[in-house]
Every structure is written in C-alpha cells, then in structure tokens.
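# Observations on chain architecture
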Amino acid sequence: MRLLIADKLHPRAVEELRTLPVDVIYEPELTKETLETSLHNVGILVVRSKEVTRKALESARQLNLIVRAGAETATIDVKAASERGIYVANCPGKNASAVAELVFGLIVSIDRRIPDAVASLRAGRWERTEYAKAEGVIGKTIGIAGLGAIGRDVACRAKTFGMHPIGWSRSLSPARAAELGIGHASSLEELAARSDVLTVHLGLNDRTRGIISKRIFEVMPKRGIFINCARPDLVDNDAMRDAIVTKGIRVGIDVVPNEPRGKKEITTDLYNLSTPSSTGGFLYGTPHIAASTDQAQLAIATETVRVIRSFLLEGTVPNVVNVTNLSTARFQMVIRMLDKVGTLANVLAVIKRHGINVEEVTNTVFDGGSASCAKLRIVSRPTEACLHEIRAFEEVLHVDIVTLPNLA
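Since the model is a prediction, treat every value here as computed from it, not as a measurement.

Strand order across the open sheet formed by seven strands is E8-E7-E6-E9-E10-E11-E12, with parallel pairing between neighbours. Two strands lie at the open edges of the sheet, namely strand E8 (183–184) and strand E12 (282–285), each paired on one side alone. Where strand E10 (residues 225–228) meets strand E11 (residues 250–253), four bridges bridge the pair, whose relative direction is parallel. What sits directly across from Asn 228, in E11, is Ile 253.

Although it is not a glycine, Arg 113 sits at a positive phi angle of roughly 50°. Among the structural elements, Arg 113 can be located in the loop between helix H5 (96–112) and helix H6 (114–122). Accessibility expressed as a relative area gives 24% for Arg 113, which makes it partly exposed. The phi dihedral of Asn 319 is positive, around 65°, even though this residue is not glycine. Turning to its location among the elements, Asn 319 is positioned in the loop between helix H12 (294–314) and strand E13 (331–338).

Summarising the element assignment, Thr 304 is placed in helix H12. Setting aside anything within four residues of it in sequence, one finds Thr 304 in contact with Val 46, Val 67, Ala 69 and Cys 91.

Mapped onto the secondary structure, Ile 138 falls in the loop between H6 and strand E6 (141–145). Accessibility expressed as a relative area gives 73% for Ile 138, which makes it exposed. Setting aside residues no more than four positions away along its own chain, Ile 138 makes contact with Phe 161 and Gly 162.

Evaluated as defined, the whole model comprises 26 salt bridges. The salt bridge partner of Arg 194 is Glu 190, with a shortest N-O separation of 2.8 Å. Of the two residues, Arg 194 and Glu 190 both sit in helix H9 (residues 188–194), four residues apart, roughly one turn of that helix. Its relative accessible area of 25% is what places Glu 190 among the partly exposed residues. Arg 353 is the salt-bridge partner of Glu 389, the closest N and O atoms lying 2.5 Å from each other. Taken together, the residues Glu 389 in helix H14 (residues 384–391) and Arg 353 in helix H13 (residues 343–353) connect sequence positions 36 residues apart. Counted as one network, the salt bridges with shared partners bring together Arg 54, Glu 58, Asp 77, Lys 79, Glu 83 and Arg 84.

Analysis parameters
- Residues numbered from 1 in each chain as written.
- Predicted model: local features only at pLDDT ≥ 70, side-chain atom pairs only at ≥ 80, totals over all residues.
- Heavy atoms only, no water.
- Pairing = 2+ DSSP bridges.
- Helix = DSSP H or I, 4+ residues; strand = E, 2+ residues; numbered from the N terminus.
- Buried < 20%, exposed > 50% of the residue type's maximum accessible area, 1.4 Å probe, protein only.
- Contact = heavy atoms within 4.5 Å.
- Salt bridge = Lys/Arg side-chain N within 4 Å of Asp/Glu carboxyl O.

Written out as structure tokens, the structure reads:
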C-alpha cells in the first residue's frame, strides 16, 4: 500500500511511518490542483491544510483512509469520502495547549501593550509612563465560547492567572460546567455581557458562521478584550472593526479572512487598526501560528502515526469522523460454526438471498482453531425459512437471534 504525505509533517513521524508495511511518499509541495492528479494507487493520504476535493476523490479508487494532521476536517470533502467508503480521521486536542498558550500571550500583550512598548524601545524612546497603565487580569472574568479540548485548556489556565472562567456552547449544561469548575452562561449574548475577556473556540459550520455578530460586540463591556484564535469566519469582521473604533474593544486575532497561501505579503488593514487613546481600542495580530509550536506539531504527528498504525496493523481507525454511531440494526444473529473456508461466506450468501442487510460482522476463533463464533448485526429479523437454510449447513453448530435495544 502507498501512503502519500501531502503536507509538511514532523520528521520523526515520517521516520516512524517508514517502519510500517507501507510505501511512504513525502510530497509536501503538492497543491490542491496537483493533489487531484496524484492519488492514483494511493491507499492512505495525510494532509494538514491541503484541500481534498470531491474531484480528487473521484480518481482515488484505491484510497482507504485520509488522516487530517490537525483538529478539524473542514478542508476535506467528508461527504464525498463517505460515499466512497473512505475513512476520514483527525487528531483532536493535540494542539490545545499551544493554542491556549497563544490566547494568554495575546491577553497579556493587550493588557500590557507589549508589542507597542517593544516597538517604542526599538525606536529609541523611553515611554515608561505611557506603558505603565495596564489594568492586570487577576479577578477578571473570561468568557469561553466553545468547550472542546482548547476551550477546556483555556479555562484551566485562566484559573492559574487568577481569572474567573465562564463558558457557553450549545451542548454545555450547568451540570457539565460545574464539573469543569467554571461558570455557565445560558446564551452567547449572556457570555459576552458578563466577560471582561471573550475568547472563541468554536468549530466552523453553518450554525456558527458569523456567530460573533454585531450584537455580541454591542453587549460586551467597553474596552473589553476579544480573542479569536479559531476561525475568521466565526466573526463579523466589519462589526469587530466598528467595535474597536467606537467602543474601544481591544482585539487579539491569529486568523484573518482570505488568508494568503504561500505569500509573504498581506493587504488586510486589520493589523493596522487602532484608535485614539480616548477610546483605547486597537488590534494585535499574529499570522496563524496558534498551533505552530514544536511540541504541538510533534504531538499531532505522533497521533497521525498512531491512527495509521492502528489501521494497518489492527484494522481499526481511531478518531474516525465519518462512521455512523447510530446503527439501524435491530437484531443480532449469533452463529457458532466450524472454522472452515467458505462457512461464513455460505451464511452471508443465504442472508443476501433473503434480502437482509448486514451492518456489522465480527468473527472470533476459539483456541485450537476448530470453531468460531460470528456475530452479525442485521436490520430485519430472518424468517424461519432463512434460518432453516443456515442451520442446514453441516459446518453450522448453532444459530441464535437476539433482539437489540432500540436506542433511536
């Protein structure tokens, strides 16, 4: 099997992958377009930021697994992969610490105006009075929108800074918030209104696109701090710009709309956005580096290797994102039989002939290799005629039908 690594991956992970029973091809310079013509005879694909389109998957007839060396899979056409029976897996939570570190780097930088103070010193000015006006963060409330791995890490670190974390997400209940040791907000508006610092850590989808809207900035306290190290499209950037100018909101971002790919220059005016000292609003930005620490990249690469090793050696896919968890199977057929060639195939042929869909098959061989037990999760109950045909095989020792609980 051929494994194509189409983005940069930690060298240690590449070395480990070469020890597995797979032919490793390392081509991080591939583009979205060239990837579409590079998947012939590729069985496993590893990507980071590279987009995997439906067109690319249409020609990838031998592709079995796509691993996103990162937390999300938005750059992969997961629907197209599912239609072709291709597993898609990711590496969730492995960059959480790195992102949380940058969040607090931005918060402290904003409060102490560190970038401006450094620039002032480099320009030969000593402006101690100007940069000795920080408020400090102890006792401040930090609102966290999204309590995944990154949001939880931010909450944990907030406590060490002496801050009071509160959280909101559509799935966060008051009981779960209490378990995490944080306050609970019943809505995003409530979270913003109660927060001296608001940081967003939501995944991007149709429901969250533009969720940090004009209304959210309106209810934030004046001169509040807003942090976005997640996705630019979560935020109404025009509303954010207005909040900086009219309300003195202080912003730290690691992401911008229409991020340049492979370019050395950027034309956005967001990074130059500041207002007179009477309002105090300004923006600090970093060039999408939140997850780019050596520690985080090694952790992601190590998880990528684990997923691929498990797939190759055990036949399982950790962190798979496109396998249904809600089965429609209502019955389980348990078949004890002699472990001979063709026995299970004969049973499956009978089931097929009777129009019964099998959703899952497991087969366990007993010590000595003489007998095995197959468990088939099926959608409909077999008729007596079907069971009679199966029991008629000499190799079949016993057949049971178990009704599964209805979890729908």
